[in-house]
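Report on the structure
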Amino acid sequence: DKIDPTILVYGEGWAAMTPKYPYEELAMKQFTYKMPRVGAFSDDIRNALIGSPFDHERGFASGKNDQQSKEALCFGLAGGIDYQSVADSETSNIQVPISNIQGWAGEPMQHVSYITCHDNYCLRDRIEVSAKDEDEPTKLRMNKLAQTAVLVSQGMAFLYGGEELFRTKLGIDNSFESPDSINIIPWENKQKYDELFEYYKEIIKIRREHKGLRLGSAELVRQHVEFPPTDNPSFIIYRIKDLEGIDSAKSLIVLLNGSAETVETPVPKGDYTVLAHNGEAQAIGLSKLPLDKISVAPYSATILAENE
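Quick caveat: nothing in here was measured; it's all calculated off a predicted structure.

A short note on the packing of aromatic side chains
- The tally for this structure, following the rule as stated, stands at six aromatic pairs.
- Their ring planes at 90° and their centres at 6.2 Å tell us that Tyr114 and Phe158 sit as a pair that is edge-to-face. Here Tyr114, found in the loop between strand 2 (111-113) and helix 3 (123-130), pairs with Phe158, found in the loop between strand 3 (156-157) and helix 5 (180-183); they are 44 residues apart in sequence, far enough to count as distant.
- On the accessibility criterion, Tyr114 (2% relative accessible area) is buried.
- Joined through ring pairs, the aromatic side chains of Phe41, Tyr114 and Phe158 make up one cluster.
- Here Lys144 stacks its cationic end above the ring of Tyr199, 5.0 Å away from the centre of that ring.

Structure follows, in structure tokens:
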């Protein structure tokens, strides 16, 4: 910090083997709340979205259809803070019960929202092993859905280089010993997967331009974020409301559909700018229209900004 306070240093909040140091003094993920300005990778949101690296099961973004994954994803979208303690409070907006996850981030930016990094499968390969029977267009939709969830999370968004190019490491899940032919970022993919590349760019722009997607404090998350309940374990409604003075939008609504079926859902009646829908995204808006309901395509995210 004395040299340059903008430098970001990151590591892992877990151990590969049993540590020799006293457990309660370790800088583990679960103790992140004790370490201001120190964050940790969130295996909670990672596993919820694409499944654990230790099995080949699907995750929310690849069609798992599981309530536990849905709840873990909501936990990650809220930035990993402990809001369970205010879940029954009259001032709490968070309506999805988080019964099996204890908040470990004191502030949302301590929660590093990610799905892939240097080890384990890259995103394309993870989808290949867990949803191998799906066609490539579907796998691309799953890719977009997963990274959209990361980029609308209240935590710190972390993207692994090359995912925007649909990179593959040919199924090698830990490539630290592999040559450049495996680890190289495949720039030649940009032409074939330019639509994916442009989608990533636009979702990043949407995150940058809408402060409601990165409120920055646990207090503001508790005040403005809500997850209206749905009966569908593959569908999440994530609303950031009452944003006057914080965002250019009155509210933001993110709809995440992790199923193979189109889902129609009501939304609060109003005039909206559609920022993302059916695998397309534009920070300036795909369209502007009055809405009281909307259909969300399979394996896709819809992002709505309510106009002033």
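Some thoughts on the pairing of strand 5 (residues 235-240)
- Most of strand 5 sits out of view: six of its six residues are buried.
- Of the two faces of strand 5, the one carrying Phe235, Ile237 and Arg239 and the one carrying Ile236, Tyr238 and Ile240 are both buried.
- Note: strand 4 (residues 225-226) against strand 5, two bridges, orientation antiparallel. Within the sheet, the bridge partner assigned to Glu226 lies in strand 5 and is Arg239.
- Two strands pair when backbone bridges link them, and strand 5 and strand 6 (residues 251-257) are joined in this way by six bridges, in the antiparallel orientation. When the bridges of strand 6 are listed, Ile240 appears paired with Leu252.

Let's talk about the pattern of salt bridges
- Scanning all chains against the criterion turns up 15 salt bridges.
- Across the pair Glu134 and Arg58 runs a salt bridge whose closest N-O atoms are separated by 3.2 Å. Within this pair, whereas Glu134 is found in the loop between helix 3 and helix 4 (136-152), its partner Arg58 is found in the loop between helix 1 (43-50) and helix 2 (67-77), the two being separated by 76 residues in sequence.
- For Glu134, a relative accessible area of 24% translates into the label partly exposed.

Focus: a nonpolar patch on the surface
- On the surface, Ile3, Ile7 and Val9 cluster together into a nonpolar patch covering about 390 Å² of accessible area.
- Examined against the element boundaries, Ile3 turns out to sit in the segment before strand 1 (40-41).

Some words on the nonpolar core
- If you look at the biggest cluster of nonpolar residues, it comprises 58 residues, and the most contacted ones within it are Leu49, Leu73, Ile236, Tyr238 and Leu256.
- In terms of residue count, the dominant contributor to this core is helix 4 (eight residues).
- Ignoring any residue separated from it by four or fewer positions in sequence, one finds Leu73 in contact with Ile45, Ala48, Leu49, Phe60, Ala149, Ile236 and Leu256.
- Ile253, Val263, Val296 and Leu304 belong to the second largest nonpolar core, which has twelve residues in total.

Focus: the side chain of Asn143
- Summarising the element assignment, Asn143 is placed in helix 4.
- With a relative accessible area of 0%, Asn143 lands in the buried category.
- Aside from chain neighbours lying at most four places away, what touches Asn143 is Leu123, Ile127, Glu163, Phe166, Leu196 and Tyr200.

Regarding the sheet that holds strand 2
- The strand order across the open sheet formed by three strands is 1-2-3, and the pairing between neighbours is parallel. At either end of the open sheet lies a strand with only one pairing partner, and these are strand 1 and strand 3.
- As defined by bridge partners, strand 2 adjoins strand 3 across two bridges and the pair is classed as parallel. Bridge pairing in strand 3 links Ser113 to Ala157.

Description of the packing of helix 1 against helix 2
- Packing of helix 1 against helix 2 leaves a shortest axis separation of 8 Å and a crossing angle of 135°. It follows from the interaxial angle that helix 1 and helix 2 lie oblique. Crossing of helix 1 over helix 2 shows left-handed handedness. Residue-level inspection shows Asp44, Ile45, Ala48 and Leu49 of helix 1 in contact with helix 2, the latter providing Ser69, Ala72, Leu73, Phe75, Gly76 and Leu77.
- Considered class by class, the residues forming the contact of helix 1 with helix 2 number seven nonpolar, two polar and one charged.

Concerning unusual backbone geometry
- Positive phi is not limited to glycine here, since Arg37 has a value of about 70°.
- Mapping Arg37 onto the fold places it in the segment before strand 1.
- Located in the positive-phi region is Asp242, a residue other than glycine, with phi close to 55°.
- Secondary-structure assignment places Asp242 in the loop between strand 5 and strand 6.
- Note on Asp242: relative accessible area 46%, which makes it partly exposed.

The rules behind each value
Residues numbered from 1 in each chain as written. Predicted model: local features only at pLDDT ≥ 70, side-chain atom pairs only at ≥ 80, totals over all residues. Heavy atoms only, no water. Phe/Tyr/Trp six-rings, centres within 6.5 Å; stacked < 30°, edge-to-face > 60°. Helix = DSSP H or I, 4+ residues; strand = E, 2+ residues; numbered from the N terminus. Buried < 20%, exposed > 50% of the residue type's maximum accessible area, 1.4 Å probe, protein only. Lys NZ or Arg CZ within 6 Å of the ring centre and 35° of its normal. Pairing = 2+ DSSP bridges. Salt bridge = Lys/Arg side-chain N within 4 Å of Asp/Glu carboxyl O. Patch = residues over 30% accessible without salt bridge, like charges linked within 9 Å, V, L, I, M, F, W, Y side chains within 5 Å. Areas by Shrake-Rupley, 256 points an atom, 1.4 Å probe, with all protein chains shown as cover. Core = buried A, V, L, I, M, F, W, Y, C linked by side-chain atoms within 4.5 Å. Contact = heavy atoms within 4.5 Å. Axes fitted to C-alpha atoms, helices over the stretch in contact; angles between N-to-C directions. Parallel < 35°, antiparallel > 145°, perpendicular 65-115°, else oblique. Left-handed = near helix turned anticlockwise from the far one by under 90°. Nonpolar A, V, L, I, M, F, W, Y, C, P; charged D, E, K, R; others polar.

Geometric descriptors of this kind do not, in isolation, establish any biological role.
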